[in-house]
Amino acid sequence: MNTDNIYQFTVESTGKESVSLSDYKGKVLLIVNTASRCGFTPQYTELEEMYEELSEQGFEILDFPCNQFGEQAPESDNEYVSFCQINYHTQFAQFHKIEVNGDNEIPLYTWLKKQKGFAGFDANHKLTTILENMFDANIPGWRETSDIKWNFTKFLIDRNGNVIERFEPTATKEDMMPKIKELLK
């Protein structure tokens, strides 16, 4: 498989149909692993705001629910989509629940993590200390791996399918918007 860019990958829709990421050629993408019962779940509000503001300029969000972190996404695909639409009025693409680390991680995430490793949490975010203490107690050397650390890790992809930036869950809309807007020019 040629993995020079993201367009070589296929993922599954919520109906488990194959979706080629080549369908998104020419778009700026934000790929995010999500959960419905997480301290970061309110980020859906910011994600939907960004989508509404920028989608007409060629911006797409690809949402991949993931139950690997504290089992915070226990719903079926349909229940998950309904939760997001009812509570956050999401309109962007949502996909079949996946794993982002380990033996069952999907090839897209293996590739994404090779492109951009862990960038560190925002030292000023209120959840950073909690996350760091939890990982320090349970996962030796966690800072040195490219693994996804938690829900709402985001990868920014340019119009040519290249990974430009990795935003950890502690990144805010204000952190991401300038970089997204620059790619949309």
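> Please clarify how the overall build of the protein should be interpreted in this entry.
Across its full length, the protein carries five helices and seven strands. Relative to the 2.2 N^0.38 estimate, which gives 16 Å for 185 residues, the radius of gyration of the protein is 15 Å and therefore close to what a compact globule would have. When its C-alpha atoms are laid out on the principal axes, the protein stretches across 40 × 35 × 35 Å. Expressed as a percentage of the 185 residues in the protein, the buried residues total 51%. Long-range contacts, defined here as pairs at least 24 residues apart, represent 70% of the contacts in the protein between residues at least 6 apart. Summed over its atoms, the accessible surface of the protein is roughly 9000 Å², and 44% of this surface lies on carbon and sulfur atoms. For the protein, the distance from the average position of its 18 positive side-chain charges to the average position of its 30 negative side-chain charges is 3 Å.

> Whenever I open this one, unusual backbone geometry confuses me. Can you help?
A negative phi holds for most residues other than glycine; trans holds for most peptide bonds. Residue K16 is not a glycine yet carries a positive backbone phi of 65°. Tracing the backbone through its elements, the reader meets K16 in the loop between β1 (10–12) and β2 (18–20). The phi dihedral of E71 falls on the positive side, at around 50°, and the residue is not glycine. Inspection of the secondary structure assignment puts E71 in the loop between β4 (59–65) and α2 (77–88).

> In this structure, what is going on with helix α1 (residues 43–54)? I would like to understand it.
Since there are 3.6 residues in each turn of an α-helix, residues three or four apart along the chain are aligned in direction. The end-to-end C-alpha separation of α1 is 16 Å, in line with the 16 Å expected for 12 residues at 1.5 Å each. Buried within α1 we find Q43, Y44, L47, E48, M50, Y51 and L54. Along the long axis of α1, the arc covered by the buried residues comes to 160°, so they all point the same way. Buried-residue contacts for α1 involve β3 (28–34), β4, α2, β5 (93–94), β6 (154–157) and α5 (173–184).

> When you look at helix α4 (residues 128–138) in this model, what are you seeing that I'm missing?
Buried within α4 we find T128, L131 and F135. For α4, the angular spread of the buried residues around the axis is 70°, confining them to a single face. Opposite its buried face, α4 presents the exposed residues I130 and A137, each directed more than 90 degrees away.

> What exactly am I supposed to notice about the sheet that holds β4 here?
Pairing between the strands of a sheet comes from backbone hydrogen bonds, and it takes one of two forms, parallel or antiparallel. Spatial ordering of the open sheet is given by β5-β4-β3-β6-β7, a layout of five strands whose pairing is mixed. Where the open sheet ends on each side, the last strands, each with one partner, are β5 and β7 (163–167). With seven bridges joining them, β3 and β4 adopt parallel strand pairing. If you follow V32 over to β4, its bridge partner there is D63.

> Looking at this structure, how should I read the pairing of β6?
The two faces of the sheet receive side chains in turn, since in a regular strand these alternate between them. Side-chain alternation along β6 places K154 and L156 on one buried face and F155 and I157 on a second face that is also buried. As paired elements, β3 and β6 share four bridges and run antiparallel to each other. Paired with L29 across the bridge in β6 is I157. Looking at chain direction, β6 and β7 are connected through four bridges and run antiparallel. Paired with L156 across the bridge in β7 is E165. In this structure, the hairpin formed by β6 and β7 is closed by a connection of five residues, where G161 is found at a positive phi of approximately 85°.

> Got a minute to help me understand the packing of α1 against α5 in this structure?
When two helices pack together, their arrangement is given by the angle between the helix axes and the distance between those axes. In contact at an axis separation of 11 Å, α1 and α5 are set at 25° when each is read in the N-to-C sense. What the angle tells us is that α1 and α5 run roughly parallel. At the point where α1 passes α5, the crossing takes the right-handed sense. When α1 is examined against α5, the residues E46, E49, M50, E53 and L54 are found in contact with a partner set consisting of K173, E174, M176, M177, I180, K181 and L184. Taken together, the residues of the contact of α1 with α5 break down into six nonpolar, no polar and six charged.

Scoring rules and cut-offs
Residues numbered from 1 in each chain as written. Predicted model: local features only at pLDDT ≥ 70, side-chain atom pairs only at ≥ 80, totals over all residues. Heavy atoms only, no water. Helix = DSSP H or I, 4+ residues; strand = E, 2+ residues; numbered from the N terminus. Rg over C-alpha atoms; globule rule 2.2 N^0.38 Å. Buried < 20%, exposed > 50% of the residue type's maximum accessible area, 1.4 Å probe, protein only. Contact = heavy atoms within 4.5 Å. Areas by Shrake-Rupley, 256 points an atom, 1.4 Å probe, with all protein chains shown as cover. Lys, Arg positive; Asp, Glu negative; His and termini not counted. Charge placed at Lys NZ, Arg CZ, Asp CG, Glu CD. Expected span 1.5 Å × (residues − 1). Arc of directions from axis to C-beta. Pairing = 2+ DSSP bridges. Axes fitted to C-alpha atoms, helices over the stretch in contact; angles between N-to-C directions. Parallel < 35°, antiparallel > 145°, perpendicular 65-115°, else oblique. Left-handed = near helix turned anticlockwise from the far one by under 90°. Nonpolar A, V, L, I, M, F, W, Y, C, P; charged D, E, K, R; others polar.

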